[in-house]
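Each chain is listed here by its residues.
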Amino acid sequence: MPLSKAKVTQLSEFCRTFRIDVLKAIHNIQSGHPGGSLSACEILTLLYQERMNIDAKNPGDPNRDRLVLSKGHAAPMLYRNLIEKGFMPKESMSTLRHINSELQGHPSMHTPGVEIPAGPLGQGLAAAQGMALGLRLNGSPARVYVIMGDGEQDEGAIWEAATSAPKFKLNNLTAIIDYNGVQLDGTTEEIMPLRDLSAKWHSFGWNVIECNGHDLRQLNDALDACAKIEDGPSVIIAKTVKGKGVSFMEGKAAWHGKPPSDDELAMAIAELGGEK
Ligand SMILES: Cc1ncc(C[n+]2csc(CCOP(=O)(O)OP(=O)(O)O)c2C)c(N)n1
């Protein structure tokens, strides 16, 4: 169903405050990945705060939807979303990356609401595929989402999983590529050109939808379209901006794994409309 105006307003406000909270947490520990977290903000927020059937009071529900954050370094944005859903108290965010915290630098099984650890790129699609296959064998209506980076597309394991998901006609599996054009230390074009990514996925047998990954309505429509597809898996190539929302971080590989200084955090919070 298309998103109402009120829903877009609510989700946009979530995104604005989540961006601030994520930057504050990374600033607090002076370690973490701001660029890829901000880039995946709308994707994660729309899925967790609007679309996914999950309940913190019943986290083991066999029919819950599953999300695999294959680009695990964007964990802070995942954690902020899980907190909003009630999986952890809001104060947990300030323990990001602390020793013994539930919130480690990459998703781990110690974090309530996390379905599978991540960190080594390229593994999430195969894991998500296994989940989707198992759910279908059990007759579950649940859907599985996996979020990958565009730099992550360099991993060969992705293409093994991409080959088999269409064979099993996994229409309960939706992959989303956070296509921001930048990876760890340069642009994807410089490091390993992807060529026609849409044509590649299409040739592997996937239903491909392209959209603006910061436009909540477009993303929601794309997810609606995926849910209606019956003949196999779908992939959304979501065009995004690394560091989205903070002008001096946008599109810059330098902000892949760099924490903001005190001044930079203050500038970022001001740009994001300040704290309320
Ligand atoms: C197998 C593996 N190789 C290298 C890394 C180190 N690494 C972490 S993030 C990253 C770049 C990822 O780029 P992209 O997928 O485009 O992520 P985004 O720009 O969305 O943050 C790399 C190389 C890793 N985590 N795993």
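Conventions we followed
- By convention here, each chain's residues receive numbers from 1 onward along its written sequence.
- Two thresholds apply to this predicted model, a pLDDT of at least 70 for residue-level local features and 80 or more for giving and counting side-chain atom pairs, whereas whole-chain, interface and lining totals are computed over all residues.
- Hydrogens are left out, water is left out, and the side-chain values use all remaining heavy atoms of the structure.
- Should DSSP find at least two bridges between two strands, the strands are regarded as paired.
- The numbering of helices and of strands both runs from the N terminus, where a helix is a DSSP run of H or I of at least 4 residues and a strand a run of E of at least 2.
- Orientation is described by lines fitted to C-alpha atoms, with helices fitted over the stretch in contact, and by angles between N-to-C directions that extend from 0 to 180 degrees.
- Residue contacts follow a heavy-atom distance rule, with two residues in contact if any of their heavy atoms lie within 4.5 Å.
- Relative accessibility under 20% of the residue-type maximum defines a buried residue, over 50% an exposed one, and the middle range a partly exposed one, all with a 1.4 Å probe and only protein chains included.
- A clockwise path from the first strand over the helix to the second, with the strands pointing away from the viewer, defines a right-handed crossover.
- Think of it this way: one heavy atom of a residue within 4 Å of a molecule or strand is enough to make that residue near it.
- Residues adjacent in sequence count toward polar contacts only when both atoms are side-chain atoms; beyond that, a polar contact is any pair of N or O atoms within 3.5 Å, and within protein one must be able to donate a hydrogen and the other to accept it.
- The nonpolar class holds Ala, Val, Leu, Ile, Met, Phe, Trp, Tyr, Cys and Pro. Asp, Glu, Lys and Arg form the charged class, and all remaining residues, Gly among them, are polar.
- Positive charges come from Lys and Arg, negative ones from Asp and Glu, while His and the chain ends are left out of the count.
- Basic side-chain nitrogens of Lys or Arg form a salt bridge, by our definition, when they fall within 4 Å of a carboxyl oxygen of Asp or Glu.
- Centre distance within 6.5 Å is the pairing criterion for rings of Phe, Tyr and Trp, where only the six-membered ring of Trp is used; planes under 30 degrees apart are then read as stacked, over 60 as edge-to-face, and the remainder as tilted.

Here we take up the sheet that holds strand β2 (residues 144-149). Spatially, five strands are ordered β1-β2-β3-β5-β4 in an open sheet, and the strand pairing comes out parallel. This sheet does not close on itself; its edge strands, each paired only once, are β1 (66-69) and β4 (207-212). Taking the axes of each pair of neighbouring strands and ignoring which way they run, one obtains an average angle of 20 degrees across the sheet. Pairing geometry for strand β3 (residues 173-179) and strand β5 (residues 234-239), over six bridges, is parallel. Bridged to Ile177 within β5 is Ile237. On top of the sheet, helix α5 (residues 124-137) reaches β1, β2 and β3; it is set at about 170 degrees to β2, its chief contact.

Here we take up the pairing of β3. Counting buried positions along β3 yields six of seven residues, so the element is predominantly enclosed. Two elements, β2 and β3, share six bridges in a ladder whose sense is parallel. Along β3, the bridge assignment pairs Tyr145 with Thr174. Of the crossover connections in this fold, the one passing from β2 over helix α6 (residues 156-167) to the parallel β3 is right-handed.

This paragraph deals with the site of the ligand. Taken together, 17 residues lie near the ligand, and His73, Asp150, Gly151, Val182 and Lys242 sit nearest. Note that an oxygen atom of the ligand is positioned 2.8 Å from one of the backbone N or O atoms of Gly151. One of the backbone nitrogen or oxygen atoms of Glu152 is found 2.9 Å away from an oxygen atom of the ligand. Here the residues of the shell around the ligand are counted per class, giving four nonpolar, eight polar and five charged.

You can see Arg143 is positioned in the loop between α5 and β2. Buried and unpaired, Arg143 has no salt bridge, with Asp65 as the nearest side chain of opposite charge at 6.5 Å. Here the side chain of Arg143 touches Asn171 through a polar contact of 3.1 Å, landing on its backbone oxygen. Ignoring any residue separated from it by four or fewer positions in sequence, one finds Arg143 in contact with Asp65, Arg66, Asn171, Asn172, Leu173, Thr174, Cys226 and Ala227.

Looking now at unusual backbone geometry. Look at Arg97: it is not a glycine, yet its phi comes out positive at around 65 degrees. Here Arg97 shows up in the loop between α4 (75-84) and α5. By relative accessible area, Arg97 is classed as partly exposed at 25%. In this structure, Arg195 takes a positive phi of about 55 degrees despite not being glycine.

With that out of the way, let us pick up the packing of aromatic side chains. According to the stated counting rule, one finds five aromatic pairs in the structure shown. Ring geometry for Trp159 versus Trp201: centroids 4.9 Å apart, planes at 45 degrees, classification tilted. Here Trp159 is found in helix α6, whereas its partner Trp201 is found in helix α8 (residues 197-203), with 42 residues between them in sequence. Residue Trp201 is classed as buried on the basis of its relative accessible area of 0%.

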